[in-house]
Amino acid sequence: MKEEEAQSLVLADLAHQLHPQYHVRDHEDPVVFVRGEGALLWDIHGREYIDGLACLWNVAVGHGRRELAEVAAQQMKELAFSNSYVGYANVPSIRLAERLISLVYPNMQAVFFCNSGSEAVEGAFKISRFYWYLQGRPEKTKIIARREAYHGGTLGATAATGLPAFHQGFGPLAEGFVRVETCYPYRCAHCKGADDCNLACADAVEQTILREGPETVAAIIAEPVHGAGGVIVPTPGYWPRLREICDRHDVLLIADEVITGFGRTGRWFALSHWNVQPDVMTVAKAITSAYVPLAGFIVSDRIHQAILSAPEDAKFMHGYTNAGHPTACAVALRNIQIIEEEGLVEHAAAMGERLRRGLNGLRTLPHVGEVRGLGLLGAVELVADRDTRTPFDPAQKVGSRVLRDLRRRGLITRVKGDSILLAPPLIVSPEQIDRIVELVGGSIQGVVGV
Ligand SMILES: Cc1ncc(COP(=O)(O)O)c(C=O)c1O
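Computed from a prediction, not measured in an experiment: that's the story for all the values here. (Residues numbered from 1 in each chain as written. Predicted model: local features only at pLDDT ≥ 70, side-chain atom pairs only at ≥ 80, totals over all residues. Heavy atoms only, no water.)

## A few points about a nonpolar patch on the surface
Cut-off, in case you're wondering: Each patch is built from residues that are more than 30% exposed by relative accessible area and take part in no salt bridge. Like charges join if they lie within 9 Å; nonpolar side chains (Val, Leu, Ile, Met, Phe, Trp, Tyr) join within 5 Å. The Shrake-Rupley method, run with a 1.4 Å probe, gives the accessible areas here. Residue values count only the displayed protein chains as cover. Within this document, salt bridges are pairs made up of a side-chain nitrogen of Lys or Arg and a carboxyl oxygen of Asp or Glu, the two lying within 4 Å of each other. Residue exposure (1.4 Å probe, protein chains only): buried if accessible area is under 20% of the type maximum, exposed if over 50%, otherwise partly exposed.
Residues L11, L14, L18, Y22 and V24 make up a contiguous nonpolar surface patch of roughly 480 Å² in combined accessible area. For L18, a relative accessible area of 73% puts it in the exposed group.

Listed below in structure tokens is the structure:
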């Protein structure tokens, strides 16, 4: 593309588009992408980048997959859209629901399709409340959500999100959400990490339920591994303890697997690392590798049975025009087939190991506080003082300086505070993993020194 045309595009973007999580100062020099192939992206100036976060943790099978474009085109030609509201269905959404149920946890039984992770999360809240309503316990409505969590941009999902920056200027937040601490081993107030974990962080959830009154609590929502909140991996006993607590107090467990689903953690779905099954789970992002939008929430047999046996005047009056969109479902089916045929779940596990090994090599740098991750989700948390784990002064903007520097070096990713987050497409090659590590190391040295 000619430089003049590139410049005019950037100006038009500034003039007419408001972007997610926007401040004009952060958008002075946007990267405008024009092409992708595998784990690589190119911008309007012809510059090449490694896609270090699979765009937004979602382009699992990589960019430029012709077979996904073809299946979408074929479905659009055959049946571009049809109504999925009660009384109607289409073939791809039926087949996809069946396929998903065969892939997720054994207790899961039925899928509700929607278009974004936020919608999936909203639906998970509504089905949880509705379940208790059907049980004759309509006062069980509160949703417990954790610090550091990101659950989406709609009002309920915003209230559940435990990152204060996402609340600024949007009050009053939706009622009925209760915040609890999370399991953040590196920064735990109770212990000093996985080897020493006494699960006080999980027990805090139980204390919260007891304080609020179990008869008022519908569900707890949690990401198996925090994504946008910093790729924070819980200690091994955390999820089993959460499950126990939920069972003890008749509280539903919602696993938000919007990031962790479809192989990202080296398993198809992340709670299988800890042999835990949720009552409700959300899926989105990698379900179509983001070639078209699609998401959903999935409910256990117990909840499904309650819906099936609901009295006629208790309809689940929830839905979206594009629910079960045939093109999106057809793409998801093909995408899942690719993940399976190419062994991408196993590949993600192997590449994740390689990534962590490489990042662990950066521990020789004095400001690398922690390297963490699970499967192909990784993070490096930078600190001012490693011995005391003291963070940098936020005024130094270390994280955003590293982010800009990485971009200049040819790696696109995201940061949370001073943690560098990494989640390349599942198809990433060993050489690309090594290059990511090299770029991250170079950037840390360049920004905070050796
Ligand atoms: C765990 C989690 N839940 C929900 C969402 C919201 O998804 P969406 O942006 O598709 O609405 C996200 C988005 O990143 C997420 O990471």
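Here the narrative resumes, following the displayed structure.
## With respect to the sheet that holds strand β5 (residues 142–146)
Strand pairing in a sheet relies on backbone hydrogen bonds, with the paired strands running either antiparallel or parallel. Going by this rule: At least two bridges found by DSSP between two strands are what make those strands a pair. Note on conventions: DSSP H or I runs of at least 4 residues are helices, E runs of at least 2 residues are strands, and numbering of each starts at the N terminus. In this analysis, axes come from line fits to C-alpha atoms, helices being fitted only over the stretch in contact, and the angle between any two N-to-C directions falls in the range 0 to 180 degrees. Whether two residues are in contact is decided by their heavy atoms, any of which lying within 4.5 Å being enough.
Taken in spatial order, the seven strands make up an open sheet running β4-β10-β9-β8-β7-β5-β6, and their pairing is mixed. Whereas interior strands pair on both sides, the edge strands pair on one side only; in this sheet they are β4 (108–114) and β6 (177–180). Sheet twist, expressed as the mean angle between neighbouring strand axes with direction ignored, is 20°. Alignment of β4 against strand β10 (residues 295–300), held across six bridges, turns out to be antiparallel. In the sheet register, C114 faces β10, and the bridge partner there is A295. With respect to the sheet, helix α4 (residues 91–103) is in contact with β4 and β10, its orientation differing from that of β4 by roughly 135°.

## Observations regarding the pairing of β10
In terms of burial, β10 is a largely internal element, six of the six residues being buried. Sheet topology places strand β9 (residues 280–283) next to β10; four bridges connect them, and they run antiparallel. The residue of β10 that forms the bridge with V280 is V299.

## Quick look at the site of the ligand
Put simply, the rule reads: Distances are taken per atom, and a residue is near a molecule or strand as soon as one of its heavy atoms is within 4 Å of it. What qualifies as a polar contact is a pair of N or O atoms within 3.5 Å, subject to a donor-acceptor requirement within protein and to the restriction that residues adjacent in sequence count only when both atoms come from side chains.
Neighbouring the ligand are S116, G117, S118, Y150, H151, G152, E223, D256, V258, I259 and K285. One of the side-chain N or O atoms of D256 is found 2.7 Å from a nitrogen atom in the ligand. Residue K285 places a side-chain N or O atom 2.9 Å away from an oxygen atom belonging to the ligand.

## Concerning empty space enclosed by the protein
Just so we agree on the cut-off: Using a grid of 1 Å spacing that covers the protein atoms alone, one calls a set of points a cavity when a 1.4 Å probe fits there but cannot get out, and a pocket when the set is open and has protein on both sides within 12 Å along at least five of seven lines; lining residues are those with an atom within 4 Å of a point. Grid points are joined across faces, edges and corners, and a volume is the space filled by probe spheres set on the points. Under the grouping applied here, Gly and all other residues not named as nonpolar or charged are polar, the nonpolar ones being Ala, Val, Leu, Ile, Met, Phe, Trp, Tyr, Cys and Pro and the charged ones Asp, Glu, Lys and Arg. What counts as a domain boundary in this text is fixed by an automatic or database domain assignment.
Within the structure shown, the criterion is met by one cavity of 30 Å³ or more. Here the largest cavity defines a volume of roughly 30 Å³. Per-class residue counts for the lining of the largest cavity are six nonpolar, one polar and one charged. Split by domain, the lining of the largest cavity shows at least three residues from each of two domains, domain 1 (31–61 + 343–448) and domain 2 (68–341).

## Re the layout of surface pockets
Over the atoms a probe the size of a water molecule is rolled, and this reveals where empty space is left. By volume, the second largest pocket amounts to about 1,000 Å³. Forming the boundary of the second largest pocket are 32 residues, of which S84, V86, F112, F316 and H318 lie nearest the centre. For the lining of the second largest pocket, the secondary-structure elements that each account for two or more residues are α4, β4, α5 (117–134), β10 and α9 (301–308). In terms of residue count, the dominant contributor to the lining of the second largest pocket is β4 (four residues). Here the residues of the lining of the second largest pocket are counted per class, giving 24 nonpolar, seven polar and one charged.

## Some remarks on the nonpolar core
Spelled out, the test is: Definition used in this section: a nonpolar core is a set of buried Ala, Val, Leu, Ile, Met, Phe, Trp, Tyr and Cys residues joined via side-chain atoms within 4.5 Å.
In this structure, F262, V440 and I444 are the most contacted members of the largest nonpolar core, which totals 97 residues. Ranked by the residues each element gives to this core, the list is headed by helix α13 (residues 430–448), at eight residues. Mapped onto the domain boundaries, this core takes at least three residues apiece from domain 1 (31–61 + 343–448) and domain 2 (68–341). In this structure, A124, I254, V258 and A306 belong to the second largest nonpolar core, which totals 28 residues.

## Description of the packing of helix α12 (residues 398–409) against α13
The criterion, for reference: For this classification, under 35 degrees means roughly parallel, over 145 means roughly antiparallel, 65 to 115 means roughly perpendicular, and everything else is oblique. Here is the rule for handedness: rotate from the far helix to the near one, and if that takes an anticlockwise turn smaller than a right angle the crossing is left-handed, while a clockwise turn gives right-handed.
It is at 9 Å that the axes of α12 and α13 come closest, and there the two elements cross at 130°. One finds that α12 runs oblique with respect to α13. Both α12 and α13 take part in a crossing whose hand is right-handed. Contact residues: α12 offers V398, R401, V402, D405, L406 and R409, while α13 offers L439, V440, G442, S443, G446, V447 and V448. Its residues assigned to classes, the contact of α12 with α13 comprises seven nonpolar, three polar and three charged.

## Structural notes on helix α11 (residues 344–360)
We count it as follows: The span expected for a helix works out to 1.5 Å for each residue beyond the first. Here the arc refers to the set of directions running from the helix axis out to each C-beta atom.
Here α11 is 17 residues long and its end C-alpha atoms lie 23 Å apart, about the 24 Å a rise of 1.5 Å per residue gives. What α11 keeps buried is the set L344, V345, A348, M351, G352, L355, R356 and L359. Axial view of α11: buried residues confined to an arc of 140°, hence all on one face. Residues E346 and R357 are exposed on α11 and point more than 90 degrees away from its buried face. Tucked into the core, α11 has its buried residues touching α10 (326–341), β11 (368–374), β12 (377–382), β15 (419–422) and α13.

## Some details on the sheet that holds β11
Strand order across the open sheet formed by four strands is β11-β12-β15-β14, with antiparallel pairing between neighbours. For this open sheet the edge positions go to β11 and β14 (414–416), each flanked by a neighbour on one side alone. Going across the sheet, the axis of each strand differs from the next one's by a mean of 25°, ignoring polarity. Judged from the three bridges that link them, β14 and β15 form a sheet pairing that is antiparallel. For K416, the partnering residue across the bridge sits in β15 and is S419. Of the strands in this sheet, β12, β14 and β15 are in contact with α12, which crosses β14 at around 170°. The strands touched by α13 are β11, β12 and β15; relative to β15, the strand with the most contacts, the crossing angle is about 165°.

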